[in-house]
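Structural overview for review
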Amino acid sequence: ILILGIESSCDDTSAAVIKNDKILANITAGQDVHKLYGGVVPELASRAHQKHIVPVVSQALAQANISAGDLDAIAYTRGPGLLGSLLVGSSFAKSMAQALGIPAIPVHHMKAHVLAHFIDSHLPVPPFPFLNLTVSGGHTQIIKVSDPFTFDVIGQTLDDAAGEAFDKSAKLLGLPYPGGPEIDRQAKSGDKNRFTFTKPKVEGLSFSFSGLKTNFRNFVEKETRRNADFKRDNMADLCASIQHTIVEMLMERLVEAAALTGIKHVAIAGGVSANSYLRTQLVAVADKYGWQTYIPPFEYCTDNGAMIAIAGYFEFQNKERDTSLSTSATARWEM
Ligand code: ATP
Ligand code: FE
């Protein structure tokens, strides 16, 4: 089975070709235009998708060494995400599928982030049921995954996502967008115990990052009034300390979720799962509690066509799959 996967939910245009679960090509065009604004500008994102979609898909087919006529199906991100961005990828995918006379398969972006674990990458795949901490630019979720189609959100954020906590802290420190990778890089030479920030108390398995953001901003602004060069002088320690706090908040909840469900197969996914400190902390905590862990390769953490293609591959084998061309993109879509 050959499947083309198309991702366009935010600011990356990506297309991948898989043969069953084996990856043949995964091509992504990023959008530097947003750097000027310190965040994604939706109108500019959809225009850039329009510019990138044809070359990205052509390049994916060329690298996979197949022609469009060889494809069995086209999977596309239906949502959630920016509507204007989703419309570009979904319209393209549905038109191309109709022209080829093959099914167009709508994929849920957050399920796809989790299913990235099943892209053949020489790494062990998690057995069902497993727990997945999905941490991305727009979501923070602990999910019990019972099979490739059954995702129960057992904990999620009440306000900001973990990725936003990284990006907003970075912006406050004057680091370029997206700030997550910048904080990760700077933190490597910093002392994570130098500064402490208050972790909010929230019920159950929920997360909250907006209080931390305010706490961090107030602290940095206060110190900057005393020493105008405070940020510059303490950049690495500030990055290491805020990163440590965010990761600790994530790990505390994950430990509770594992205890509550009794599940010892624990995975991470989404853009923030590329964070090197989160990756090492997960392994350390897993050691302590006897978990097996599953961490995607870097290229399948942030948005990519391969995760859409693998989700489409599972859906292709689902008898109840939806391949209607009238299924339209949607900015919001429940798990
Ligand atoms: P969603 O998947 O919720 O719709 P999205 O698709 O925009 O959101 P992803 O592409 O999955 O998000 O992830 C992007 C986020 O990951 C950004 O917030 C970015 O800062 C963060 N990120 C990427 N790499 C790292 C890293 N090394 N450390 C911390 N954060 C990172
Ligand atoms: Fe994403």
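Residues numbered from 1 in each chain as written. Chains lettered and ligands numbered in written order. Predicted model: local features only at pLDDT ≥ 70, side-chain atom pairs only at ≥ 80, totals over all residues.

Counting through the fold element by element, W333 comes out in the segment after α9 (305-316). Residue classification places W333 among the partly exposed residues on the basis of 17 C-beta atoms within 10 Å. Considered as a pair, W333 and R78 are 255 residues apart in the sequence and their alpha carbons are 8.6 Å apart. (Helix = DSSP H or I, 4+ residues; strand = E, 2+ residues; numbered from the N terminus. Buried ≥ 20, exposed ≤ 12 C-beta atoms within 10 Å, placed from the backbone.)

Looking now at the UniProt feature "binding site: substrate" (unreviewed entry) in the chain. Following the UniProt record, the feature "binding site: substrate" (unreviewed entry) maps to T134, V135, S136, G137, G138, D167, G180, D184 and N275 here. Along the chain, G137 turns up in the loop between β6 (130-135) and β7 (140-147). On the basis of neighbour counts, which here come to 22 C-beta atoms within 10 Å, the residue G137 falls in the buried class. Excluding its chain neighbours within four sequence positions, the residues that come into contact with G137 are C10, A161, G163, E164 and G271. Residue placement: D167 occurs in helix α4 (residues 162-172). Non-local contacts of D167, meaning those with residues more than four positions away in its chain, are made with Y177, P178, G179 and G180. (UniProt positions renumbered as here; feature names shortened; annotations may be inferred. Contact = placed C-beta atoms within 7 Å.)

Once that is clear, we can look at the sheet that holds strand β1 (residues 2-7). The five strands are arranged β3-β2-β1-β4-β5 in an open sheet whose pairing can be described as mixed. This sheet does not close on itself; its edge strands, each paired only once, are β3 (22-29) and β5 (104-108). Direction aside, neighbouring strands of the sheet carry axes that sit 20° apart on average. Across the sheet, helix α1 (residues 42-64) is in contact with β1, β2 (13-19) and β3; its angle to β2 comes to roughly 25°. (Pairing = 2+ DSSP bridges. Axes fitted to C-alpha atoms, helices over the stretch in contact; angles between N-to-C directions.)

The subject of this paragraph is the sheet that holds strand β10 (residues 292-294). Sheet strands pair by backbone hydrogen bonding; their relative direction is either parallel or antiparallel. Pairing is mixed in the open sheet, where five strands are placed in the order β8-β7-β6-β9-β10. The open sheet has two edge strands, β8 (150-156) and β10, and neither has a second partner. Adjacent strand axes in the sheet meet at a mean angle of 25° when their direction is disregarded. Here strand β9 (residues 265-269) runs beside β10; their pairing, made up of three bridges, is parallel.

Looking now at the pairing of β6. With six of six residues buried, β6 is to be regarded as a mostly interior element. Here β6 shows no split at all, with F130, N132 and T134 on one side and L131, L133 and V135 on the other all buried. Two elements, β6 and β7, share six bridges in a ladder whose sense is antiparallel. Among the inter-strand pairings, F130 is bridged to a residue of β7, identified as V145. Hairpin connection from β6 to β7: four residues lie between these consecutive antiparallel strands.

Glancing now at the site of ligand 1. Taken together, 24 residues surround ligand 1, and among them G137, G138, G163, G180 and G271 come closest. Broken down by secondary-structure element, the contributors of at least two residues to the shell around ligand 1 are α3 (109-115), α4 and α5 (179-187). Broken down by element, the residue count for the shell around ligand 1 peaks at four residues, all from α5. Considered class by class, the residues forming the shell around ligand 1 number six nonpolar, 15 polar and three charged. (Near = placed C-beta within 6 Å. Nonpolar A, V, L, I, M, F, W, Y, C, P; charged D, E, K, R; others polar.)

Quick look at the packing of α5 against helix α7 (residues 230-261) now. Interhelical geometry of α5 versus α7 gives an angle of 115° and a closest axis separation of 8 Å. Classified by the angle their axes make, α5 and α7 are roughly perpendicular. For the pair α5 and α7, the crossing hand works out as left-handed. Within the contact between the two elements, α5 uses I183, D184, Q186 and A187 and α7 uses M235, A236, C239, A240, I242 and Q243. Within the contact of α5 with α7, the residues separate by chemical class into seven nonpolar, two polar and one charged. (Parallel < 35°, antiparallel > 145°, perpendicular 65-115°, else oblique. Left-handed = near helix turned anticlockwise from the far one by under 90°.)

We now examine the UniProt feature "domain: Gcp-like" (unreviewed entry) in the chain. In the numbering used here, UniProt assigns the feature "domain: Gcp-like" (unreviewed entry) to residues 22-309. Strand forms 17% of residues 22-309 and helix 47%; the C-alpha atoms that close the span are 10 Å apart.

Turning our eyes to something else, we now look at the packing of α7 against helix α8 (residues 276-289). The contact between α7 and α8 brings their axes to 10 Å, and the two run at 35°. As α7 runs across α8, the sense of the crossing is right-handed. For the pair formed by α7 and α8, the contact residues are Q243, V247, L250, M251, V255 and A258 on the first element and Y277, L278, Q281, V285 and Y289 on the second. Classifying every residue of the contact of α7 with α8 by side-chain character gives nine nonpolar, two polar and no charged.

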